[in-house]
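Here is what each chain is made of, one letter per residue.
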Amino acid sequence: MTAVSATQGSQREAGPAPPEAQAVLPSFRCVYDDYFDFIWTCTRRLGVPVDAVDDVVQEVFVVVHARLETVERPASLRSWLYGVVRRTVSTYHRARRVRGAHESVEPFDESASPMEPSALDLAVLSDELRLLWRLLGELDHVKREVFILAELEEMTAPEIAEAIGIPLNTAYSRLRAARQEFDLAFARYAAANEKERK
């Protein structure tokens, strides 16, 4: 038996490497270029006011730069990034509360929602987007977060579970419940809209 055939035989026995072992961790520059919009959008959706988003996103990328090499599974980089965004935004909200700011902790609080577009934004947005903001505002925080990640950010349930640190079945359960509540809210809106037409 030759060395080449012995090597080939051991490769066949071992089987292909798992996809996560094959994934290569991208450079910080690639992460920045590929995920900037995702991180900015998630930061905004987690309730950071527009005037502070750039600073919080910068903090996120400082953490990413410092800890990128610690990512254990490059295939789930997006989930890891969302976790960094979530913790950084949480720190931001905590610091604002400590400083005595009168800003809502709940991103969809009816009185002053930083997630809700400003008056200028609303003038530009279409009716459908305004309806989306309204319907999302009817979901409670934990369901809304899972719903937004699944439906708007197109993350899978396993990615969501990893990103927010919940069991996979809990992610599926919250997503199912959020979709049902969203559908009910839309049905109520449609019924009220139909009554107005008559």
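Okay, so let's go over this structure. (Residues numbered from 1 in each chain as written. Predicted model: local features only at pLDDT ≥ 70, side-chain atom pairs only at ≥ 80, totals over all residues. Heavy atoms only, no water.)

**Some points on helix H8 (residues 141-152)**
In a regular helix each residue adds 1.5 Å, so 12 residues correspond to 16 Å; H8 covers 15 Å between its end C-alpha atoms and thus fits that length. Every buried residue belonging to H8 is among Lys143, Arg144, Glu145, Val146, Phe147, Ile148, Leu149 and Ala150, and all of these are buried. Close packing links the buried residues of H8 with helix H3 (28-45), helix H5 (77-98), helix H7 (127-137), helix H9 (157-164) and helix H10 (168-197). Looking at where H8 begins, the residue whose side-chain oxygen comes 3.3 Å from the main-chain nitrogen of Val142 is Asp140. The first or second residue beyond H8 is Glu154, which carries a positive phi of 55°. (Helix = DSSP H or I, 4+ residues; strand = E, 2+ residues; numbered from the N terminus. Expected span 1.5 Å × (residues − 1). Buried < 20%, exposed > 50% of the residue type's maximum accessible area, 1.4 Å probe, protein only. Contact = heavy atoms within 4.5 Å. Polar contact = N/O pair within 3.5 Å; in protein donor to acceptor, adjacent residues only side chain to side chain.)

**Some thoughts on the nonpolar core**
With 34 residues, the main nonpolar core has Ile39, Val64, Trp80 and Tyr82 as its most contacted residues. Going through the elements one at a time, H3, helix H4 (50-67), H5, H8, H9 and H10 are the ones with two or more residues in this core. The element that contributes the greatest number of residues to this core is H5, accounting for 8 residues. Every residue in contact with Val64, bar those within four places of it in the chain, is listed here: Phe28, Val31, Trp80, Leu81 and Val84. (Core = buried A, V, L, I, M, F, W, Y, C linked by side-chain atoms within 4.5 Å.)

**A closer look at the packing of H3 against H4**
In the contact formed by H3 and H4, the axes pass within 10 Å of each other and the chain directions differ by 140°. Between H3 and H4, the angle is such that the two are oblique. For H3 against H4, the interelement crossing comes out right-handed. Along the contact surface, H3 presents Phe28, Val31, Tyr32, Phe36, Ile39, Trp40, Thr43 and Arg44, while H4 presents Val50, Val53, Asp54, Val56, Val57, Val60, Phe61, Val64 and His65. (Axes fitted to C-alpha atoms, helices over the stretch in contact; angles between N-to-C directions. Parallel < 35°, antiparallel > 145°, perpendicular 65-115°, else oblique. Left-handed = near helix turned anticlockwise from the far one by under 90°.)

**Concerning the environment of Pro158**
Along the chain, Pro158 falls in helix H9. Accessibility expressed as a relative area gives 42% for Pro158, which makes it partly exposed. Spatially, the C-alpha atoms of Pro158 and Ser79 are 9.0 Å apart, while their sequence positions differ by 79 residues.

**Side note on the packing of aromatic side chains**
Taken as a whole and judged by the stated rule, the model has 8 aromatic pairs. Ring geometry for Tyr32 versus Phe61: centroids 4.7 Å apart, planes at 55°, classification tilted. With Tyr32 in helix H3 and Phe61 in helix H4, this residue pair connects regions lying 29 residues apart in the sequence. Assessed through its relative accessible area of 30%, Tyr32 is described here as partly exposed. For the pair Phe36 and Phe61, a centre-to-centre distance of 6.1 Å together with 5° between the ring planes defines the contact as stacked. With Phe36 in helix H3 and Phe61 in helix H4, the pair connects residues that are 25 residues apart, well separated along the chain. The exposure class of Phe36 is partly exposed, given its relative accessible area of 26%. Judged by its relative accessible area of 6%, Phe61 falls in the buried class. (Phe/Tyr/Trp six-rings, centres within 6.5 Å; stacked < 30°, edge-to-face > 60°.)

**With respect to the pattern of salt bridges**
Scanning the entire structure with this criterion turns up 9 salt bridges. Note that Arg45 is salt-bridged to Glu153, the shortest N-O span being 2.2 Å. Note that Arg45 is positioned in helix H3 and Glu153 in the loop between H8 and H9, a separation of 108 residues in sequence. We classify Glu153 as buried; its relative accessible area is 10%. A salt bridge links Glu151 to Arg179, with the nearest nitrogen and oxygen atoms 2.5 Å apart. A residue pair is termed long-range when its members are at least 10 positions apart, and Glu151 in helix H8 and Arg179 in helix H10 qualify at 28 residues. By relative accessible area, Glu151 is classed as partly exposed at 35%. (Salt bridge = Lys/Arg side-chain N within 4 Å of Asp/Glu carboxyl O.)

**Focus on H10**
For H10, spanning 30 residues, the distance from its first C-alpha to its last is 43 Å, which sits close to the expected 44 Å at 1.5 Å a residue. Those residues of H10 that fall on the buried side of the exposure criterion are Ala171, Leu175, Ala177, Ala178, Phe182 and Ala185. On its buried side, H10 packs onto H7, H8 and H9.

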